[in-house]
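So you can see what is in the structure, the chains are spelled out below.
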Amino acid sequence: MSDPAAPPRSLAEALRVRDDASLAVLLRSRPDLITPVPTDLTQLATRAGTRASVVRALERLDRCALQTAEALAVAGDPATYDELLALMAGDEGDPAVAGALPHALATLRDQALVWGADDRLRLVRTARELLAPSPQHPSPTGLGPTVQEATAGMSPGRIQEIVTTAGLPSTHDAVSAVSSLTALFGDRRRMAALLAGAPEESREVLSRLVWGPPYGQVTADPAPRLRWLLDRGLLLPTAPGTVVLPREVALHLRAGRAHRTTEPLPPPVEASATHRPQVVDATAAGQAYTALATVEELLKDWDEGGPTVLRAGGLSVRDLKRTAVALDVSEPLAAFWIELAYAAGLLASDGEADERYAATPAYDEWLEQPAAQRWALLAQTWLTATRTSGVIGGRDAKDRTLSALGPGLDRSAAPEVRHRVLTLLAGLPEGASPSAESVLARLRWERPLRGPQRDDDLRGRLAQWTLSEAEMLGVTGRGALSAHGRALLGMPLPEPVAEEPAGPGDKLPVHHRPAPPPEPLSPAEQATASATAARLLAPLLPEPLDHVLLQADLTAVAPGPLQRPLAAMLDVLADVESKGGATVYRFTPGSVRRALDAGRSASDLHAFLAEHARTPVPQPLAYLIDDVARRHGHLRVGAASAYVRCDDDAVLNEILADKRSAGLRLRRLAPTVLAAQADPAALLEGLRAMGFAPAAESAEGDVLITRADAHRTPPRTAPEPVPDGPPTPDTTLLTAAIRAIRAGDLASTTPRKPAAPGNSAAVTGGELPRTTSAETLATMQAAVLTGEALWIGYVNAEGAASQRVIAPVRVEGGFVTAYDHTADEVRTYPLHRITGVAELADDQI
C-alpha cells in the first residue's frame, strides 16, 4: 500500500486519504458518481474524470470557482497556490480575490476537479482539456498557447533567429532556445524594456489581441509593425496566414491576470422598494384568491368537455385563444393556468375516441377543500413542476411548434431556478422586493454560461418567469416574498425587527457568499411546509358569503366570494356579466331554462332566491322564472333520429311555418309529432334559437336532466416532473454508498501473499483471483483452522463481480460462512460463485 504521508500521485490516491465526511460532500455535489455505486475508489476517480461528469460539474460551479479552474487550466501542471493567486489577482494583488480564492479552491477540491497539496495543484485532465486554450476551442480567459506549444512545429533555425533578434544569446539547441525565450517573456523587467523599444503601431496590435481572441491573420508579406513583432517572437505563426499572441506575452500585458475582470464575490441582490409586511401578505392573499378563481373558471368552462386533443398531443392555437378570451387574460397567461391545472392533476384528456380535455375526479375533491389548502396544492405543484408554459409557442429540436398541454414542455432546471429565486427573495429584509436585474445578475454569477449556452440563457428566462408567476400565484405580493410564500419553502419566519422603514428608492444590498444548495425537502417535509403555508394564508382570505343582492334589472350582485353551494347554483341559474371586487350575475331566459333543465322547478328557484337574497326578489325576476317555467317542456324532443312532440298542434304549426326551421328538415308524422333528420342535440339548439324552450326526453318519455359537471375523465395521475440528472442522495444512501466503496477499496488494495508454486491464484492488483474449485475449497478449509483472512473474488446472482476480504468460520454443504471485513458482518457465500482465493500478506487484517 502507498505511504499515507506521501503526496498523492493520482486522483484515486487523493480520494483514498479523504475522510467519510469529505467523500459525502463530493457525492452530494456530484450525484452522478454513485449511479450506480462504484466498486472502489479507483473506479470512483475514473468516473469523476469522465467527460460527461466533468462537464456537468463545471456547469454547476459559481463564477469565482469557474474562473479559478480556468486559471489553473492555463497555469503550469502542477501549479503552486502562489502561481494561482498571481493569475487570479495579478501583479498588484487584490484583497477580495485573495480572500475568496481559498473557498473557490476548496470547492474545486470538494468536487474532485482539483487534487494535490497547495504546492502541487493539479486540475483533472478532462477539465484541463475542456478549459485549456486551443485554436478550435479558445480559452474562456482569452489566452493563447505557451511559447513552447506555439513553437512546437517551428524549425530550429527560425527559433534561433527569434532568440537573437530578441536580444538573447544564441543556444546550441531549440529546446534551450525556447526556454530562454519563455524566461524573457516571463520576466516583467526585461519584457518592459523590450516593449519600450516597440513602435507605437506594434504596441497597438498587441493591445487588440491581449484580451482575446489571441489569433490574427497576416499576409505573406507582413506590414512593418507586424514584422517587428514576428521577428522577436511576440507573435508566433501557428498556420499559414495565422499568428498567435503567446500566453506569456499576454500575461505580461495583462499585469499577470488570467481574466480581464475577476469576480470573487457574488453581486448583491438589491431591493427596488420596501413595503410593510402586512401589505405584502394582504396583496399576495388577494392574488392567491384570484388564482383560485381563475383555475375554477377555467375548469368550469371545460366541465362539459373541453377542447379536442391534437393528433400530436396538446391544445390547438385556436382553442388557446378561445380559452384566453373566456378567462379575459392574454394567451401566455391562459397557457400558464392551463399547464398549472394539468400539473396539479386537475385536468387531463378523457381518453375517448374523440379525445377531449376535461376536469378529473381529483378536481371535485379539490373543490371540497378549504381555499387555503387548494392554494397550497397549486403553489407546491408550481414550485416542483418541470413543465414550463413560458416556452409555449417556441420550437423544439425538430422545429415543431410547442403547444400548451403538448409534449416537449419539460425543463428540468425549472424547479431549481424557482426555488433559488425565492430563496434570494427570502434573503432580503422582510417586505423588500428585488430589482429583476440584480436577481438575474446573481443567478448568472452562481451559474455562469459556458460555450453554446451563451446563446440561450434558459436560466435567465426561467428566473424572469418565476418572478411574474410567483406574483400571479400569490407567493409574492408587490414583488416581495410573503409569509406564506416563505413557509412554502420550508423556511422559518423572520423575527420581527424594529427599524425605520425604507423609502421606495432605497437600495438594500445583501453581501454574502451564497449558501450551499439546501437539501431537497422530503415528501413529509413538503407536506408540512404546505400545511404551514395554508395555515398562514387562511386568515388573509375573504370569508365566503351566503347571500347576494338582487336588483330590478334582472341582475344579482355578489359583494364577495360565495359559499360553494350558492356559487354553484348561481352559475347554473344566471350568467356572469362582470367580475372584480364584486361579481355581477344576469338572469336571462336561457339561464333560467338551464336551471330547469338541471331538474329544478319554478318553486325551487323562488325558494332559493328568497333564502339567499338580502333584498326582496324583484317582480321582473319572479315573472321571468314563471314565464320560462310555464313554457319549459311544452315541447319534447327525443331520438327517432329526432322528433318533436307537443300536445298543442298550433305550436307545431308555428314551428313548421318559421323559415328558420328549414335547416332542421322537419315533417309532420301526427297532429302532435314532428320528425327531423337532425340529431336531438342539434334539434334542441335549433328550437331554442327560434325562441322555444324544448326539453329533451328519454326513450321512456321522461324529461332528461342535464348537469354542467357531468363530464369527467377517468382517474388520472398528475404528470411526474422530469429530474435534472440523478437526484441528490440522502444521508442514508450516502452512508451506505461510502461504506460499500470503502469496502471494495479495501479488498482491491490489500496486499496478498505470492502464490505458492503450482497454485493457480492470480493476485495481480485490480483483477479477481482465479483458482480451481479444489484449490478454493482447500484454502477455505485451511483458513477455518488457522483463523486467517482471505481475499476472494465473488460474482453475485446478477453477474456483478466484486473483491472481498473474509475470515472463514465454517465450510459445509457447498457454502462458506465467514466474517466479511468489507461489509463488517457475517455472511454466507456459495462456493460456486467464488472465482478464486488468495492469502493476504501478514499483519494486514
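Residues numbered from 1 in each chain as written. Predicted model: local features only at pLDDT ≥ 70, side-chain atom pairs only at ≥ 80, totals over all residues. Heavy atoms only, no water.

Enquirer: What exactly am I supposed to notice about the overall build of the protein here?
Expert: For the protein, the count of helices and strands is 33 helices and 25 strands. Taken over 845 residues, the protein has a buried fraction of 46%. Within the protein, counting contacts between residues at least 6 apart in sequence, those at least 24 apart form 66% of the total. Carbon and sulfur atoms provide 54% of the accessible area of the protein, an area that totals close to 40600 Å². (Helix = DSSP H or I, 4+ residues; strand = E, 2+ residues; numbered from the N terminus. Buried < 20%, exposed > 50% of the residue type's maximum accessible area, 1.4 Å probe, protein only. Contact = heavy atoms within 4.5 Å. Areas by Shrake-Rupley, 256 points an atom, 1.4 Å probe, with all protein chains shown as cover.)

Enquirer: Explain unusual backbone geometry here, please?
Expert: Working note: non-glycine residues mostly have negative phi, and peptide bonds are mostly trans. Note the cis peptide between Thr-35 and Pro-36, where omega equals -5°. Note on placement: Pro-36 falls in the loop between α2 (20-29) and α3 (41-48). The omega torsion of the bond from Asp-77 to Pro-78 falls at 5°, within 30 degrees of zero and hence cis. Along the chain, the position of Pro-78 falls in the loop between α5 (63-73) and α6 (81-89). Look at Ala-112: it is not a glycine, yet its phi comes out positive at around 60°. Structurally, Ala-112 can be placed in the loop between α7 (95-110) and β1 (114-115).

Enquirer: Explain the nonpolar core here, please?
Expert: Taken as a class, soluble globular proteins show a tendency for nonpolar side chains to be buried jointly. Counting residues in hydrophobic clusters, the biggest one holds 90 residues, and the most contacted among them are Leu-15, Phe-185, Leu-234 and Leu-235. Broken down by element, the residue count for this core peaks at seven residues, all from α5. In terms of nonpolar packing, the next biggest core, distinct from the first, is built from 71 residues, Trp-302, Trp-337, Leu-409 and Leu-422 among them. (Core = buried A, V, L, I, M, F, W, Y, C linked by side-chain atoms within 4.5 Å.)

Enquirer: Just checking my understanding: could you explain the environment of Tyr-289 for this structure?
Expert: Tracing the sequence through the fold places Tyr-289 in helix α16 (residues 277-301). Sequence separation between Tyr-289 and Leu-473 is 184 residues, and the spatial gap between their C-alpha atoms is 8.6 Å. For Tyr-289, the residues in contact, after removing those within four places along its chain, are Leu-541, Pro-542 and Pro-561.

Enquirer: Would you explain the pairing of strand β21 (residues 790-795) in this entry?
Expert: Here is the key point about a regular strand: its side chains alternate between the two faces of the sheet. Taken across its six residues, β21 has five buried, putting it largely inside the fold. Bridge count between β21 and strand β22 (residues 801-812): six bridges; the pairing is antiparallel. Pairing of Gly-793 across the sheet is with Gln-803, part of β22. Across five bridges, β21 lies against strand β25 (residues 834-839) in antiparallel orientation. Paired with Leu-790 across the strands is Glu-839, a residue of β25. (Pairing = 2+ DSSP bridges.)

Enquirer: I'm lost on the pairing of strand β18 (residues 666-670) in this one. Help?
Expert: Relative to strand β19 (residues 673-676), β18 is paired through four bridges, and the arrangement is antiparallel. When the bridges of β19 are listed, Arg-667 appears paired with Ala-675. Counted between consecutive antiparallel strands, the loop separating β18 from β19 contains two residues.

Enquirer: Can you walk me through the side chain of Arg-712 in this structure?
Expert: Topologically, Arg-712 is positioned in the loop between β20 (695-696) and α32 (731-749). Within the structure, the side chain of Arg-712 is placed 2.9 Å from the side chain of Asp-364, a separation counted as a polar contact. Ignoring any residue separated from it by four or fewer positions in sequence, one finds Arg-712 in contact with Asp-303, Ala-359, Thr-360, Pro-361, Tyr-363 and Asp-364. (Polar contact = N/O pair within 3.5 Å; in protein donor to acceptor, adjacent residues only side chain to side chain.)

Enquirer: What am I meant to see in the sheet that holds strand β5 (residues 242-244) here?
Expert: Where strands meet in a sheet, backbone hydrogen bonds hold them as pairs that are either parallel or antiparallel. Taken together, the three strands give an open sheet; going across it, the order is β3-β5-β4, and neighbouring strands pair in antiparallel fashion. Strand pairing shows two members of the sheet lacking a second neighbour, β3 (215-217) and β4 (236-239), which therefore form its edges. For this sheet, the mean angle separating the axes of adjacent strands, direction not counted, is 40°. Bridging between β4 and β5 involves three bridges; their strand directions are antiparallel. Its bridge partner being in β5, Leu-236 is matched across the sheet by Val-244. (Axes fitted to C-alpha atoms, helices over the stretch in contact; angles between N-to-C directions.)

Enquirer: Can you walk me through the sheet that holds strand β14 (residues 575-578) in this structure?
Expert: Read across the open sheet, the four strands follow the order β12-β13-β15-β14; overall the sheet is antiparallel. Two strands close off the open sheet at either side, each with one partner strand: β12 (549-551) and β14. Recorded for the sheet is a direction-independent mean angle of 30° between the axes of neighbouring strands.

Enquirer: How do you make sense of the pattern of salt bridges when you look at a structure like this?
Expert: Two side chains that carry opposite charge are able to pair once their charged atoms sit near each other. Scanning the model with the defined rule gives 35 salt bridges in all. Between Arg-257 and Asp-94 there is a salt bridge, with its nearest N and O atoms 3.9 Å apart. Of the two residues, Arg-257 sits in the loop between α15 (247-253) and β6 (271-274) while Asp-94 sits in the loop between α6 and α7, which places them 163 residues apart along the sequence. The closest approach of N and O atoms between Arg-688 and Glu-685, which form a salt bridge, is 3.8 Å. You can see Arg-688 and its partner Glu-685 sitting in helix α31 (residues 680-689), three residues apart, about one turn around the helix. The network of salt bridges with shared partners includes Arg-158, Glu-161, Arg-227 and Asp-231. (Salt bridge = Lys/Arg side-chain N within 4 Å of Asp/Glu carboxyl O.)

Enquirer: Before we go on, may I ask you to explain the side chain of Asp-32 in this structure?
Expert: Following the sequence through the fold, Asp-32 ends up in the loop between α2 and α3. Of the side chains bearing the opposite charge, Arg-56 lies closest to the buried Asp-32, which forms no salt bridge; the N-O distance is 4.1 Å. Among the polar contacts listed, one links the side chain of Asp-32 to the side chain of Ser-53, at a separation of 2.7 Å. Discounting residues that sit within four places of it in the chain, Asp-32 has contacts with Arg-47, Ser-53, Arg-56 and Pro-726. (Lys, Arg positive; Asp, Glu negative; His and termini not counted.)

Enquirer: Got a minute to help me understand helix α17 (residues 317-327) in this structure?
Expert: An α-helical turn contains 3.6 residues, so any two residues separated by three or four positions project in the same direction. For α17, every residue scored as buried is listed here: Asp-319, Leu-320, Thr-323, Ala-324 and Leu-327. The arc that holds every buried residue of α17, seen down its axis, measures 140°, which confines them to one face. Among the exposed residues of α17, those oriented more than 90 degrees off its buried face are Val-317, Arg-318 and Val-325. Tucked into the core, α17 has its buried residues touching α16 and α18 (331-343). (Arc of directions from axis to C-beta.)

Enquirer: Is there a simple way to explain the environment of Ala-487 in this structure?
Expert: Looking at where Ala-487 falls in the secondary structure, it is placed in helix α24 (residues 483-488). Placed 44 residues apart in sequence, Ala-487 and Ala-531 show a C-alpha to C-alpha distance of 8.8 Å.

Enquirer: Can you walk me through the environment of Ala-801 in this structure?
Expert: Within the fold, Ala-801 resides in strand β22. The class of Ala-801 is partly exposed, set by a relative accessible area of 42%. Sequence separation between Ala-801 and Leu-768 is 33 residues; the distance between their C-alpha atoms is 8.2 Å. Ignoring sequence-local partners within four residues, the contact set of Ala-801 consists of Thr-39, Leu-768, Tyr-794 and Val-795.

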